[in-house]
Amino acid sequence: MSSSTDEELDMLSPSFNPIKALYAKNVQVPSTTAQPLDNISKFELAPSGEVLIKPERPRRYNEYNVEPIKRDLSAVAGTSQVSLVQRIIKQRRTVLARMSEIGKSRGPLSRIALFCYAKKRVKVYIRSAVSVRGHCEGYIIAFDKHWNLVMDDVNEVWTRKNKYKSLAIGDAKSLDDPVEKPYEVIKRIRGHQVCRRHVPRILVRGEQIVLVAKCLI
């Protein structure tokens, strides 16, 4: 009886029983260095060189040097489940960390990082649907890879069409607007007016930016 059992657990024997070997404790593996394969076709093509089998790369545990956090899930998990679960949390990079990385690289964003860290006043030209709308002059205090800029102490100058309400009698230009506007008109050009206002802090979307240049004054 023991000899037949040994033959059923021997992987090289013709009477090998794989189901019994799964539940047996004394199964001897013929080769401990054999690589596991997915299917039989890969096993047949491996000796010919048509399939290249890469060695398994050992996994590094806790590569971010972060201590695992133990959470008590006894109130959530059932009686058959583990009550304490260890989980490794990655350290997330913030916008400030990415800004410092961009400052060390080369390219257009490195110039923006230089303006930001050197606290140089810049002029950011903004576009409209068909032309350049105006510019924002101020200090860059934050940015990201999409060219979204957070600017401080901004003087915004832009061009807009003259908008007057049509009146039944009289001319709209001769009437004074009693409502105080948040901007001032500095000049008028061919049906357009150039406006200016001061904004303490503003967010400029990257898709609206045409050019970023350092102010000469």
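Being a predicted model, the structure only gives us computed values, none of them experimental.

### Quick notes on the pairing of strand S3 (residues 121-127)
Moving on, step 1. Of the pairings in the sheet, the one linking S3 to strand S4 (residues 132-143) comprises 7 bridges and is antiparallel in character. Within S4, the residue paired with Lys 123 across the bridge is Glu 137.
Moving on, step 2. Once S3 ends, the chain turns through 4 residues before running back antiparallel as S4.
Moving on, step 3. Bridge analysis of S3 against strand S8 (residues 209-214) gives 5 bridges, and the strand direction is antiparallel. In the sheet register, Lys 123 faces S8, and the bridge partner there is Ala 213.

### Points about the sheet that holds S3
Moving on, step 1. One open sheet holds the 6 strands; their spatial order is S6-S7-S5-S4-S3-S8, and the pairing between them is antiparallel. Either end of the sheet is taken by a strand with one partner, and the two such strands are strand S6 (184-189) and S8. When the angles between neighbouring strand axes are averaged without regard to direction, this sheet yields 25°.
Moving on, step 2. Bridge count between S6 and strand S7 (residues 192-204): 5 bridges; the pairing is antiparallel. The partner of Lys 187 across the bridge, within S7, is Val 194.
Moving on, step 3. Where helix H5 (residues 108-118) meets the sheet, its contacts fall on S3, S4, strand S5 (149-161) and S8, and the angle it forms with S4 comes to roughly 70°.

### Some details on the pattern of salt bridges
Two side chains of opposite charge can pair, provided their charged atoms sit close to one another.
Moving on, step 1. Inspection of every chain in the model, using the stated rule, returns 8 salt bridges.
Moving on, step 2. Where Asp 152 meets Arg 201, a salt bridge forms, and the shortest distance between an N and an O atom there is 3.3 Å. One end of the pair, Asp 152, is in strand S5; the other, Arg 201, is in strand S7, with 49 residues separating them in the sequence.
Moving on, step 3. Note on Asp 152: relative accessible area 25%, which makes it partly exposed.
Moving on, step 4. Taking relative accessible area as the criterion, Arg 201 reaches 53% and is therefore assigned exposed.
Moving on, step 5. For Arg 197, the salt bridge is made with Glu 156, and the minimal N-O distance between the two is 2.7 Å. Residue Arg 197 is found in strand S7, and its partner Glu 156 is found in strand S5; the two are separated by 41 residues along the sequence.
Moving on, step 6. Of the residues examined, Glu 156 reaches a relative accessible area of 5% and is grouped as buried.

### A short note on the nonpolar core
Moving on, step 1. Core analysis: the biggest nonpolar cluster contains 21 residues, and Val 124, Ile 140, Phe 143, Leu 149, Met 151 and Val 212 have the highest contact counts within it.
Moving on, step 2. Contributing elements (two or more residues each) for this core: helix H4 (95-103), H5, S3, S4, S5, S7 and S8.
Moving on, step 3. With 5 residues, the top contributor of residues to this core is H5.
Moving on, step 4. For Ile 140, the contacting residues outside a window of four places in its chain are Ile 112, Cys 116, Val 122, Leu 149, Val 150, Met 151 and Val 212.

### Concerning the environment of Pro 30
Moving on, step 1. Topologically, Pro 30 is positioned in the loop between helix H2 (18-23) and helix H3 (40-45).
Moving on, step 2. Pro 30 sits 20 residues away from Asp 10 along the chain, and the two C-alpha atoms are 8.7 Å apart.
Moving on, step 3. When sequence neighbours within four positions are dropped, the list of residues in contact with Pro 30 reads Met 11 and Leu 12.

### With respect to unusual backbone geometry
Moving on, step 1. Even without glycine at this site, Asp 153 takes up a positive phi of about 55°.
Moving on, step 2. Inspection of the secondary structure puts Asp 153 in strand S5.
Moving on, step 3. Judged by its relative accessible area of 34%, Asp 153 falls in the partly exposed class.
Moving on, step 4. Phi at Arg 190 takes a positive value of approximately 50°, unusual for a residue other than glycine.
Moving on, step 5. Mapping Arg 190 onto the fold places it in the loop between S6 and S7.

Cut-offs used in this document
- Residues numbered from 1 in each chain as written.
- Predicted model: local features only at pLDDT ≥ 70, side-chain atom pairs only at ≥ 80, totals over all residues.
- Heavy atoms only, no water.
- Pairing = 2+ DSSP bridges.
- Helix = DSSP H or I, 4+ residues; strand = E, 2+ residues; numbered from the N terminus.
- Axes fitted to C-alpha atoms, helices over the stretch in contact; angles between N-to-C directions.
- Contact = heavy atoms within 4.5 Å.
- Salt bridge = Lys/Arg side-chain N within 4 Å of Asp/Glu carboxyl O.
- Buried < 20%, exposed > 50% of the residue type's maximum accessible area, 1.4 Å probe, protein only.
- Core = buried A, V, L, I, M, F, W, Y, C linked by side-chain atoms within 4.5 Å.

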